[in-house]
Amino acid sequence: MLTGIRTRDLRKVYTSAPPVAAGTGGFSFGAPKPKAKGKQPKPEIVALDGISLDIAPGEIFCLLGPNGAGKSTTVGVLTTRVRPTSGQAFIGEYDVWQSQVTVKRLIGVVAQRPNLDFSLTAREILTFHGAYFGLSSHESAKRAEALLERFKLTDRADQMVRGFSGGMMQRLSIARAMMHDPQVLFLDEPSAGLDPQTRLLLWEIVREYNHGGKTILLTTHNMEEADALCKRLAIIDHGRVIALGTPLELKASVPGGYLLRLRLGVHSPDLLQRLQGLAGVREVRATDGNGADLYADRGGPLVAEVANLAAAAGVELCDVHISEPSLENLFLHHTGRSLRE
Amino acid sequence: MNWKAFYAMLARDAHVARRNFVALLFQTFLQPLMFVFIFGRVMVGSGYMPPSYKSLLLPGIMAICMVGTGIWAVAMPLIAEFQFTREIEDRLLAPMEISWLAVEKVVAGTLQSLAAGFMVIPAAWLLLRPGVDLNVPHPLLFAVVAVLVALFSATGGLALGCSMQQTHIGLMFSLIVAPMIFFGCTYYPWSALEKFPILQRAVLVNPLVYASEGLRGTMVPQFPHLPLLAVVVGLVFFNALLLATGLRSFHGKSVS
């Protein structure tokens, strides 16, 4: 059975501070209400402002956005942990809030912060998780062994997790979410705090899991991760979807897309003017020193023409750096802010 | 209802309790048994207390142990697991209605409380003997009262555990648990408060009064005690109230 994810106009307004699991601050605040005499108005924090998504069965879908954009709250609503103020959420054909128990059988969740059961060893965390989902003790033990091996945790399997490093806890959280072989896997910032090697291992495991036809929703503010893993992605900010499509489509939607950063021997306004006239160049901006940023719809092929123009103007071209169309450019284009801000 | 998940969670709690058994043993019994030794043995032996105090004290000590164990077994893990680390999340995401997880905590706490109650009887008896005059004319009634006391401890633990912050644990013991024990007719019978009529009525809001008086009435009925019907009604009322409050807060903490 293949299972997708759907949301319809999800809104979530907190009237008290959102819990740690639902996000890390940075929400947009609603307009302050006029003060009633003797009664303090409750501050309204709009975490989701009409999120509608259609994620196909078997898809790796990514929610990309800065901290506090509403990614974790969306995951919270889809995983029965956050009750939406309005709107609907479905896992497959099941309404998350009307068929909670059925939905919980279909999903595996890795929270943003490791939430392991500190009273147990790594192996016990997996086997008890299996037992909660009705696996026999034999089956649980077998799956736990395989997952511990896959996530390179076998040598620490029988130790209490309290002493584990952040990366080990994260790996174990992911292994636990896979224990009952869920149809839909939610990964909330799965690679935060992982070293590059473990991140690659995680990506490999996610792809492998997806090949079995499983749907994966992951949130990240790492563009490289979104680019490497996702078939489609939604960029969200202030609780709204601001762009949706495949990484390629989205990157292509930025005017120009390519960025050529030039370093020149001397500052030459005349040369910059001529560069503006080249075919495919959308914008030229002078940068600090003797540089120039050239936004264009092609990258490499422009270099020769730029070099020719520079030579004709008698200006030395010291360095050229080509940036391919990126999600960072896209986020900047839509919000005027960097994802890292 | 998914009983498999429910039993698996009970098994998890039993496993953790077994792992912490020695620590739990000291935590539950050391203080009450020292009290038994000083007041039941030293004070009685040196003539400051009448010999009958030994029999009067034992049900009260049993009530303290049971209530302390149940509250500790339910409230402390809940306070810790709902905090920053959200350790409880894996069980909230298990395929079972979340209220049943709270019920599971209550069942686990009740069982631990009963175990503590039945372990403290022989221990206290050994420390106090000779001169303990236990007399259980109605074992079934005693069992009903013991189960109601254990349930009270666990539902109390649920209500406290879901309404307290980790930083307030000290306050919980000094402002709630300690006054409850001292004004809970544990070291003296309710009738001993006759000379303090206002206090005697006021302590009736303390569920521990019904617990200690109930155990006294079923274990040493030769001493004055509250009518057992009042005990059963009182305990059922407080258990229902604490369970309803606890479930409500549990739900509030689980889903934002």
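### Structural notes on the overall build of chain A
Of regular secondary structure, chain A possesses eleven helices and 15 strands. The buried share of chain A, taken over its 341 residues, is 44%. The contacts in chain A between residues at least 6 apart in sequence include a share of 73% that link residues at least 24 apart.

### Concerning the packing of helix α3 (residues 53–81) of chain B against helix α5 (residues 98–128) of chain B
Residue and element names in this part refer to chain B. Axis separation between α3 and α5 bottoms out at 8 Å; the angle between their running directions is 150 degrees. When the axis of α3 is compared with that of α5, the two are roughly antiparallel. For the pair α3 and α5, the crossing hand works out as right-handed. Per-class residue counts for the contact of α3 with α5 are 15 nonpolar, seven polar and two charged.

### Section: unusual backbone geometry
A positive phi angle, close to 70 degrees, is found at T80 of chain A, a residue other than glycine. The residue T80 of chain A is located in the loop between α1 (71–78) and β5 (86–91) in this model. For T80 of chain A, a count of 23 C-beta atoms within 10 Å gives the class buried. Of note, the phi angle at C185 of chain B is positive, near 55 degrees, even though the residue is not glycine. By the element assignment, C185 of chain B lies in the loop between α7 (169–182) and α8 (197–202).

### Considerations on the domain arrangement of chain A
Under the domain assignment used here, chain A contains domain 1 (5–116 + 164–251) and domain 2 (255–324). The gap between the C-alpha centroids of domain 1 of chain A and domain 2 of chain A is 40 Å.

### Topic: helix α6 (residues 196–211) of chain A
Residue and element names in this part refer to chain A. For α6, built from 16 residues, the straight-helix expectation of 22 Å at 1.5 Å per residue is met to within 8% by its first-to-last C-alpha distance of 23 Å. Of the positions making up α6, those classed as buried are L202, V206 and Y209. Along the axis of α6, the buried positions cluster into a sector of 65 degrees, meaning they face one direction only. Of the exposed residues in α6, the ones pointing more than 90 degrees away from its buried face are P196, Q197, E204, E208 and H211. Residues of α6 that are buried in the fold lie against α5 (166–178), β8 (184–188), β9 (215–220) and α7 (223–229).

### What about the interface of chain A and chain B?
One frequent convention defines the size of an interface as the accessible area lost when the parts assemble. At the junction of the two partners, chain A supplies 26 residues and chain B supplies 22 residues. Residue contributions to the side of chain A that touches chain B peak at four residues, all from helix α3 (residues 122–132) of chain A. Taken together, the residues of the side of chain A that touches chain B sort by class into 15 nonpolar, five polar and six charged.

### Looking at the sheet that holds strand β14 (residues 291–296) of chain A
Residue and element names in this part refer to chain A. Taken together, four strands build an open sheet; the order of strands is β13-β14-β12-β15 and the sheet is antiparallel. The strands lining the two open edges of the sheet, one partner per strand, are β13 (281–286) and β15 (317–323). Sheet twist, expressed as the mean angle between neighbouring strand axes with direction ignored, is 20 degrees. Looking at chain direction, β13 and β14 are connected through five bridges and run antiparallel. Opposite R285, over in β14, you have D293 as the bridge partner. Where helix α9 (residues 269–276) meets the sheet, it contacts β13 and β14, and its direction lies at approximately 165 degrees from that of β13. Here helix α10 (residues 300–313) sits on the sheet in contact with β12 (258–264), β14 and β15, set at roughly 160 degrees to β15.

### Concerning the confidence of the model for chain B
Within chain B, residue pLDDT values average 89, and 100% of them lie at 70 or more. Among the scores for the predicted complex, ipTM is 0.86 and pTM is 0.82.

### What about the confidence of the model for chain A?
All names here are of chain A. When pLDDT is averaged along chain A, the result is 83, and 88% of the positions lie at 70 or above. Looking over chain A, one finds the lowest element-wise mean pLDDT in strand β2 (residues 28–29), namely 40, and the highest in α3, namely 95. Across residues 20–36 the pLDDT falls below 50, and counting only partners more than four positions away or on other chains, this stretch makes 35 contacts in the model.

### What about the pairing of strand β11 (residues 240–245) of chain A?
Residues and elements named next belong to chain A. Bridge count for strand β10 (residues 232–237) against β11 is five bridges, and the pairing is antiparallel. If you follow D237 over to β11, its bridge partner there is R240. The antiparallel hairpin formed by β10 and β11 contains two residues in its connecting segment, where H238 sits at a positive phi of about 50 degrees.

### Overview of the sheet that holds strand β4 (residues 60–64) of chain A
Residues and elements named next belong to chain A. Judged by pairing direction, the sheet is mixed, and its six strands sit side by side in the order β7-β8-β9-β4-β10-β11 without closing on themselves. Every interior strand has two partners, whereas the edge strands, β7 (107–110) and β11, have only one. The mean inter-strand angle of the sheet, taken between neighbouring strand axes irrespective of direction, is 15 degrees. Alignment of β7 against β8, held across four bridges, turns out to be parallel. Counted as the bridge partner of I107 is V184 from β8.

### Topic: the environment of K54 of chain B
Residues and elements named next belong to chain B. Considering the arrangement of structural elements, one finds K54 in helix α3. Separated by 15 residues in sequence, K54 and F39 place their C-alpha atoms 8.1 Å apart. For K54, the residues in contact, after removing those within four places along its chain, are G40, V44, L128, G131 and V132.

### Comments concerning α7 of chain B
Along an α-helix, a turn takes 3.6 residues, which lines up residues three or four apart on a common side. All names here are of chain B. Between its first and last C-alpha atoms α7 spans 19 Å; for 14 residues at 1.5 Å apiece the expected length is 20 Å, and the two agree. For α7, every residue scored as buried is listed here: V177, M180 and I181. Elements in contact with the buried residues of α7: α3 and α9 (207–219).

Reading guide: rules and limits
Residues numbered from 1 in each chain as written. Chains lettered and ligands numbered in written order. Predicted model: local features only at pLDDT ≥ 70, side-chain atom pairs only at ≥ 80, totals over all residues. Helix = DSSP H or I, 4+ residues; strand = E, 2+ residues; numbered from the N terminus. Buried ≥ 20, exposed ≤ 12 C-beta atoms within 10 Å, placed from the backbone. Contact = placed C-beta atoms within 7 Å. Axes fitted to C-alpha atoms, helices over the stretch in contact; angles between N-to-C directions. Parallel < 35°, antiparallel > 145°, perpendicular 65-115°, else oblique. Left-handed = near helix turned anticlockwise from the far one by under 90°. Nonpolar A, V, L, I, M, F, W, Y, C, P; charged D, E, K, R; others polar. Domains from an automatic or database assignment. Expected span 1.5 Å × (residues − 1). Arc of directions from axis to C-beta. Pairing = 2+ DSSP bridges. pLDDT = per-residue confidence, 0-100.

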